[in-house]
Number of protein chains: 4
Amino acid sequence: MAGSTFGTIFKITTWGESHGKGVGVVVDGCPAGLPLCEEDIQKFLDRRKPGQSKYTTPRKEDDTVEILSGVFDGKTTGTPISLVVYNKNQHSGDYSEIASYYRPGHADYTFDMKYGFRDYRGGGRSSGRETIGRVAAGAIAVKILNQLGITFTTYTKSIGPITVKNFDASQIAENPLNMPDTEAAENAQAYLDACMAELNSSGGVVECIICGMPVGIGDPVFEKLNANLAKAIMSIGAVKGFEIGDGFDVAKATGKNNNDAFRLSANGSIEKVTNHAGGILGGISDGSDIILRASIKPTPSIAATQQTVNKSGDEIDINIKGRHDPIIVPRAVVVVESMAAITIVDALFSNMSARMDSLATFYRK
Amino acid sequence: MAGSTFGTIFKITTWGESHGKGVGVVVDGCPAGLPLCEEDIQKFLDRRKPGQSKYTTPRKEDDTVEILSGVFDGKTTGTPISLVVYNKNQHSGDYSEIASYYRPGHADYTFDMKYGFRDYRGGGRSSGRETIGRVAAGAIAVKILNQLGITFTTYTKSIGPITVKNFDASQIAENPLNMPDTEAAENAQAYLDACMAELNSSGGVVECIICGMPVGIGDPVFEKLNANLAKAIMSIGAVKGFEIGDGFDVAKATGKNNNDAFRLSANGSIEKVTNHAGGILGGISDGSDIILRASIKPTPSIAATQQTVNKSGDEIDINIKGRHDPIIVPRAVVVVESMAAITIVDALFSNMSARMDSLATFYRK
Amino acid sequence: MAGSTFGTIFKITTWGESHGKGVGVVVDGCPAGLPLCEEDIQKFLDRRKPGQSKYTTPRKEDDTVEILSGVFDGKTTGTPISLVVYNKNQHSGDYSEIASYYRPGHADYTFDMKYGFRDYRGGGRSSGRETIGRVAAGAIAVKILNQLGITFTTYTKSIGPITVKNFDASQIAENPLNMPDTEAAENAQAYLDACMAELNSSGGVVECIICGMPVGIGDPVFEKLNANLAKAIMSIGAVKGFEIGDGFDVAKATGKNNNDAFRLSANGSIEKVTNHAGGILGGISDGSDIILRASIKPTPSIAATQQTVNKSGDEIDINIKGRHDPIIVPRAVVVVESMAAITIVDALFSNMSARMDSLATFYRK
Amino acid sequence: MAGSTFGTIFKITTWGESHGKGVGVVVDGCPAGLPLCEEDIQKFLDRRKPGQSKYTTPRKEDDTVEILSGVFDGKTTGTPISLVVYNKNQHSGDYSEIASYYRPGHADYTFDMKYGFRDYRGGGRSSGRETIGRVAAGAIAVKILNQLGITFTTYTKSIGPITVKNFDASQIAENPLNMPDTEAAENAQAYLDACMAELNSSGGVVECIICGMPVGIGDPVFEKLNANLAKAIMSIGAVKGFEIGDGFDVAKATGKNNNDAFRLSANGSIEKVTNHAGGILGGISDGSDIILRASIKPTPSIAATQQTVNKSGDEIDINIKGRHDPIIVPRAVVVVESMAAITIVDALFSNMSARMDSLATFYRK
């Protein structure tokens, strides 16, 4: 089925394979009048760019985005914004061998079973390059949200056994792992060095905090804000778990310590004293920060010897060549932020007809 | 927005409030020719029925389902199946007080902010009774899947600090907590007794194992099977986390121990030696068991004193009265199974046009 | 597939067969705070009630609507509104014969081919009773629109060869054919008398005029307001053609006489001097009246002898018994109005995020 | 809202403005294994290419399509197919004047009201060039359908007062108006010559016949095949009316002459003796040819003097310059065919789970 479109009122459609002519996204439902230029989007793409440290693939991907439609006189027109990044630095030669077998942890086998064959070059549609469209669209979503006073702080929460302890947002961009804790970042680098020495790779956790959410966004049943965030984040390749607020820790908690008491703030507004709920109650934003986490598996492409089966049905041993990230978590940070932002925008747009009184105010000018 | 419909080709629409006239669901897109009677659905509803042990609310909910449409001569006709359960045992008097304040951990506050007011009786639309529609639809989904050789094993994995150790599926229905481990169930009951003595409540984890999945179901990008399962499960009230396969443990894993090697089975088919992936690779089912987990928060309605704010803007202390479950995990088991089944059915139906060759076989008879 | 849901943000899901337990609709996405009671909906259902003149079926259908959810303290809550009409006056005996053959002009044959069998009682799901859910939902949609200053005038434009000449809206409810022209109504009655004498039936045209539309509703490409109105109206059984504005007459027109000049109104606002476009330019409402028409085929159930084939594969002659309308156009008037209103509501709700400036005003209070 | 995506399982998303960098479409949900190359698509685009006779705009649009993704080794892979046509021959200078006023019959005014401003160059998003994406996607849809034995015959049925009388499909491509009747084509050319001499334009009708449809495609209620065809066709700019089968003529017909009798064909299969229904009964294909028509308004851009209002609020007289088609009907033929084909593909793909027996056959191999 058509599985490359996400969202209802704010809708993105991505396309492209790792080693095809390019990758891109059509962003539809963006309001008219948003100032937008290629630099806005390029900044986001650069956050996922590899080759910036030894902990990401040494592949040079000079991904340059081009706006093909939907912007006129420097502003969005309300019509679809088509964004393209042409593939330039792909070495198809590196990948020819993998056509013949199924890499463990990859989608090679399931693609062949579903579609009868696959574009095996660089992972094809299930390559990490598929996220370029998500991030380009995310740049637009974040820009819309910033204009409404909603902001994102997204970072690497843990790598392997190393978890952030002393949170300092100012440090996120200061280390190659996007960790808000200099000491944790150093320990994580040491851990990754050891992984790499063993031709191995590591997983980790990304956390995203969304500030400035209005109260009342999301819906009570299937379109709970947390449900749509879960789908958005779990649709990112390599994500195997999703949490909102206290997440899996609530299983061990009790009502007494998990419930967030309501109190009055200094200015008399209602606020929660704690935020175990992660900013969402009954599927609807409660005005506190939305806090979510994604667990990301270790890069499946490792140089160490692995067992698999080839297309002829023989059991074989393989060593995956090519240029692979020993950890994808730092590069996934901006992807998580993008998907969260796209989801929030759609929820905000879908919420505007929730009340008859504000509807009448909107239309009876 | 309209948030009470789930699914694309197999689509369910639920309705109803805790203390309104009833709750129900319209199941649309069910294939014609499935044998179906009310007993098929009642069996599922009985699995979520309260009042069966001291660990669930003593409210007596004699929920009897009625099929209003879509079945003729004992078989589904392909048209929408409307199912209704009339509310009978609701004591509206019990809830009048809560109209005036916002219960911690509930959706009272967010409903009022979103909609301007709320049906406060028994939680209204965000009551646990909202899941009756999901379970009624789930009964149909599971019946469809059983005919295709796909089966479910769903159970309580943990309650508070007590986790299942010696898995024995035959024990799931033999204890009031739906745990596949008699000893763990006994320990969990002791733990719950202590919670109840403190007017407290507990969270837990539900696990669902899906056997017999064909390879190739799900889509590569936004409609990954795990993404849709995540949305389905996270849309259940009280669920705060979702995992597929090794879930959050992958963050601490390495590529060497997280990758599942492919090997040949005794009959020559390709299989994974391990199943860290939980049955899904690149968003597409790989033929192994699908394994998913949901973390469920402690019942927010506790009798212990809590702090909150009332609608007049005063800070107050409250003690929630009424008949509440000290733990909802055992009753949530069938809800998780239902939502998983509904998602799998939709994925199977959406997958049938994936290949030109099987499409031509289907239509060129 | 699931084909019984219509709309994106304002979404209706209908269910029910002619001779099942009942028919109904779930209306989801209705804003909170709309005053609503059963009488509001009953008034609409009464407009499609048969048995009010000799030109409609003498079947007595005392269709009484019940609100099962979504309304509290006399106002909508923002959650799904479930409406049910139980079937009371169905004579299943009348229809047993038609189980064995395919009625010309009906869906008997296509249902059997698609689903393998059918609920043959009274047409099952393809009975005219299917429109009860549409009309019940339409009552809510019209009530929302009235609060925004948008009103509907819908009527029988023609019956067989008899067309309205002297339009007088006050006459619509004054004759059994819902024609806004007393003389035309009398001529049409004479024409229908002749049809009935020949055991025959007649077609006709329904026209709907929508006043008070804001400018700017609808979208430029696939979600053109006229495209969604076309789908809505063509989804009504028996409708075979749809027009907006001058409709098929534009094929014979020239640019000079079809273009609507813009001029300033007395109060200085921009208006079209003529309205060949029917209130929509480029898929977007232009502030003029929206004018649409539906052509409705003659009732296929006629008492005259017809040729067909039975399920055993024999060619047979049949005479359809039972109580059938010699014309369905007058009863279809409220169905057309309902589907148009549902479409307009969804378009209004989907339009609220079209501009960054009004979005910011809405959310940055 | 996002209005540039069409379809459910087979889904197209178009983008692009007349004078932006290009126009394109993402086709998602195409089955894997369809042989596809750029020439397949170019052939369709060439059918809408202007400049081929004096009856179309003399603008030279050398529209060359490029496949950016979704095809590997000459076959579709099942992933999104991104198609782009770069704009090359646009003269922005021609259009600068129209920025200041609202052209009658165009979307200038409604765009400004909806979005606050517009890309006025060449009509921007509401230009006829928007249909390039539809036609490129249509080429793929038709290719899929041809493999299933479904074929299209689409042509100009009438131009102004001139209607096809002696149908001869072989003539469609033999005259610049795409009429299947040489004599009618000659008369229509004379009529158009007269229109052009008066700086005027003409409307017309396109008819599309779809042969080889399986029985049972489409759904009974809102997703009637005719309803989706209506939306598809009415979403094409300039279309003001839609008919299926006898269309508006049914309003004047009686049951006796409008019902299609069923009889047995020579080979014993069931068939309709006539086809007033246009191949669809109760929203579901009946195996006869599907016959549909679209009425298309005269080109609104005419050189004759017209009255309008400018953005400063002055009433002015204008003469539209630039290179415009005196009739768009012949170029619309392939657009109607494309939208019909896209709709039929989606209906076929959505129908595969209609029956439990064929579902089980499909999955229990």
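Residues numbered from 1 in each chain as written. Chains lettered and ligands numbered in written order. Predicted model: local features only at pLDDT ≥ 70, side-chain atom pairs only at ≥ 80, totals over all residues. Heavy atoms only, no water.

**Some details on the relation of the copies chain D and chain C**
One copy of the chain maps onto the second through a rotation around an axis plus a translation along that axis. Definition in use: Least squares is the method for superposing the copies, and the C-alpha atoms it fits come from residues with pLDDT of at least 70 in both. The contact criterion used is simple: two residues touch if any of their non-hydrogen atoms lie within 4.5 Å.
When chain D is fitted onto chain C, the two copies agree to an RMSD of 0.0 Å after a turn of 180° and an axial shift of 0.0 Å. On this basis, the relationship between the two copies can be described by a two-fold rotation axis. Both copies present the same face, since 100% of the interface residues in chain D are matched by interface residues at the equivalent positions in chain C.

**Section: the packing of aromatic side chains**
Put simply, the test is: For this analysis, a ring pair means two rings from Phe, Tyr or Trp (six-membered ring only for Trp) whose centres lie within 6.5 Å, classed as stacked if their planes differ by under 30 degrees, edge-to-face if by over 60, and tilted for the remaining angles. Note on conventions: DSSP H or I runs of at least 4 residues are helices, E runs of at least 2 residues are strands, and numbering of each starts at the N terminus. A ring has a charge above it when a Lys NZ or an Arg CZ is no more than 6 Å from the ring centre and no more than 35 degrees off the ring normal.
One pass over the full model with this rule turns up 40 aromatic pairs over all chains. Each ring, one from Phe72(B) and one from Tyr120(C), has its centre 5.2 Å from the other, and the planes form 85°; the classification is edge-to-face. Of this pair, Phe72(B) sits in strand β5 (residues 71-72) while Tyr120(C) sits in the loop between α2 (108-115) and α3 (131-147), which puts the two residues in different chains. Each residue in the set Phe362(A), Tyr363(A), Phe362(C) and Tyr363(C) is aromatic and connected to the rest through ring pairs, giving one cluster. Looking at Arg47(B), its charged tip hangs above the ring of Phe44(B), at a distance of 5.1 Å from the centre.

**A word on the interface of chain B and chain D**
Selection rule: Each of two parts loses accessible area, computed with a 1.4 Å probe, when they are put together; buried area is these two losses added. Whenever a carboxyl oxygen of Asp or Glu lies within 4 Å of a side-chain nitrogen of Lys or Arg, that contact is scored as a salt bridge. Pairs of N or O atoms within 3.5 Å make up the polar contacts considered here, provided that, within protein, one atom can donate a hydrogen while the other can accept it, and that residues adjacent in sequence are counted only when both atoms are side-chain atoms.
At the interface, 27 residues of chain B touch 27 residues of chain D. Buried surface at the junction of chain B and chain D, both sides included, amounts to about 2500 Å², of which 72% is carbon and sulfur. By the criterion of area lost to chain D, the three top residues of chain B are Met352(B), Met356(B) and Tyr363(B), representing 31% of everything that side buries. Counting every contact that joins chain B to chain D gives zero salt bridges. Counting across the chain B and chain D interface gives eight residue pairs in polar contact (both at pLDDT 80 or more). Counting residues per element, the ones that place at least two in the side of chain B that touches chain D are α3 (131-147), α7 (329-350) and α8 (356-363) of chain B. Of the residues forming the side of chain B that touches chain D, the biggest block, six residues, is contributed by α8(B).

**Details of the confidence of the model for chain A**
Keep in mind that low pLDDT regions are not for reading the predicted coordinates in detail. This is how it is decided: For every residue, the predictor assigns a confidence score, pLDDT, that lies between 0 and 100.
Residue-level pLDDT values for chain A average 94, and 96% of them are 70 or greater. Reported confidences for the modelled complex are a pTM of 0.97 and an ipTM of 0.97.

**Focus on the pattern of salt bridges**
Side-chain pairs of opposite charge can arise where the charged atoms are in close proximity. Quick note on the threshold: Throughout this description, buried means an accessible area under 20% of the type-specific maximum (1.4 Å probe, protein chains only), exposed means over 50%, and partly exposed covers the range between.
Here the structure, examined in full by the defined rule, presents 93 salt bridges over all chains. Taking the shortest distance from any N to any O, the salt bridge between Glu66(A) and Lys21(D) comes out at 3.3 Å. Placement of the pair is Glu66(A) in strand β4 (residues 65-67) and Lys21(D) in the loop between β2 (11-16) and β3 (22-28), with the two residues belonging to separate chains. Two residues, Arg134(A) and Glu130(A), come together in a salt bridge whose shortest N-O distance is 2.6 Å. The buried category is assigned to Glu130(A), whose relative accessible area is 6%. In the salt-bridge network here, residues are joined through shared partners; they are Arg103(A), Asp108(A), Asp112(A), Arg118(A) and Lys311(A).

**Some details on the state of the cysteines**
Among covalent bonds in proteins, the disulfide is the one between the sulfur atoms of two cysteines. Residue and element names in this part refer to chain A. Stated precisely, the cut-off is as follows: Disulfide assignment relies on a single distance test, namely cysteine sulfur atoms paired within 2.5 Å.
Across all of its chains, the model carries zero disulfides over all chains by this definition. Summary of cysteine pairing: Cys37 is not part of a disulfide, and the nearest cysteine sulfur, belonging to Cys30, is at 13 Å. A relative accessible area of 38% means that Cys37 is categorised as partly exposed.

**Side note on the sheet that holds strand β11 (residues 239-244) of chain A**
What counts, and what does not: Strands pair, by our definition, only if DSSP identifies at least two bridges between them.
With antiparallel pairing, 10 strands are arranged side by side in an open sheet as β9(A)-β8(A)-β10(A)-β16(A)-β11(A)-β11(B)-β16(B)-β10(B)-β8(B)-β9(B). Two strands bound the open sheet, and with one partner strand each, they are β9 (162-163) of chain A together with β9 (162-163) of chain B. The pairing of strand β8 (residues 151-159) of chain B with strand β10 (residues 204-211) of chain B spans eight bridges and is classified as antiparallel. The residue bridging Ile159(B) from the neighbouring strand is Gly204(B), located in β10(B).

**Focus on the interface of chain D and chain C**
For clarity, the cut-off: Side-chain classes follow a simple rule in which Ala, Val, Leu, Ile, Met, Phe, Trp, Tyr, Cys and Pro form the nonpolar group, Asp, Glu, Lys and Arg form the charged group, and the remainder, Gly included, forms the polar group.
Between chain D and chain C, the residue contacts involve 109 residues of the former and 109 residues of the latter. For the pair chain D and chain C, the two sides together bury roughly 8800 Å², of which 62% comes from carbon and sulfur. In terms of surface lost to chain C, no three residues of chain D exceed Met1(D), Lys114(D) and Phe222(D), which account for 10% of the buried area on that side. Scanning the region where chain D abuts chain C turns up eight salt bridges. Among the salt bridges present, the one from Arg263(D) reaches Glu315(C), with a minimum N-O distance of 3.9 Å. Linking chain D with chain C are 53 residue pairs in polar contact (both at pLDDT 80 or more). Broken down by element, the side of chain D that touches chain C gets its largest block of residues, seven residues, from helix α2 (residues 108-115) of chain D. Residues belonging to the side of chain D that touches chain C are distributed by class as follows: 49 nonpolar, 37 polar and 23 charged. Relative to strand β11 (residues 239-244) of chain D, strand β11 (residues 239-244) of chain C runs antiparallel, the two being bridged by three bridges.

**Focus: the sheet that holds strand β2 (residues 11-16) of chain B**
All names here are of chain B. Inclusion rule: Axes here refer to lines fitted to C-alpha atoms; in helices the fit is confined to the stretch in contact. Angles between the N-to-C directions go from 0 to 180 degrees.
Read across the sheet, five strands follow the order β1-β2-β3-β7-β4 without closing on themselves; strand pairing throughout is antiparallel. Edge strands, defined here as strands with exactly one partner in the open sheet, are β1 (5-6) and β4 (65-67). Bridge count for β1 against β2 is two bridges, and the pairing is antiparallel. For Phe6, the partnering residue across the bridge sits in β2 and is Ile12. Packing against the sheet, α3 makes contact with β2, β3 (22-28) and β7 (81-86), and its axis sits at approximately 35° to β3.

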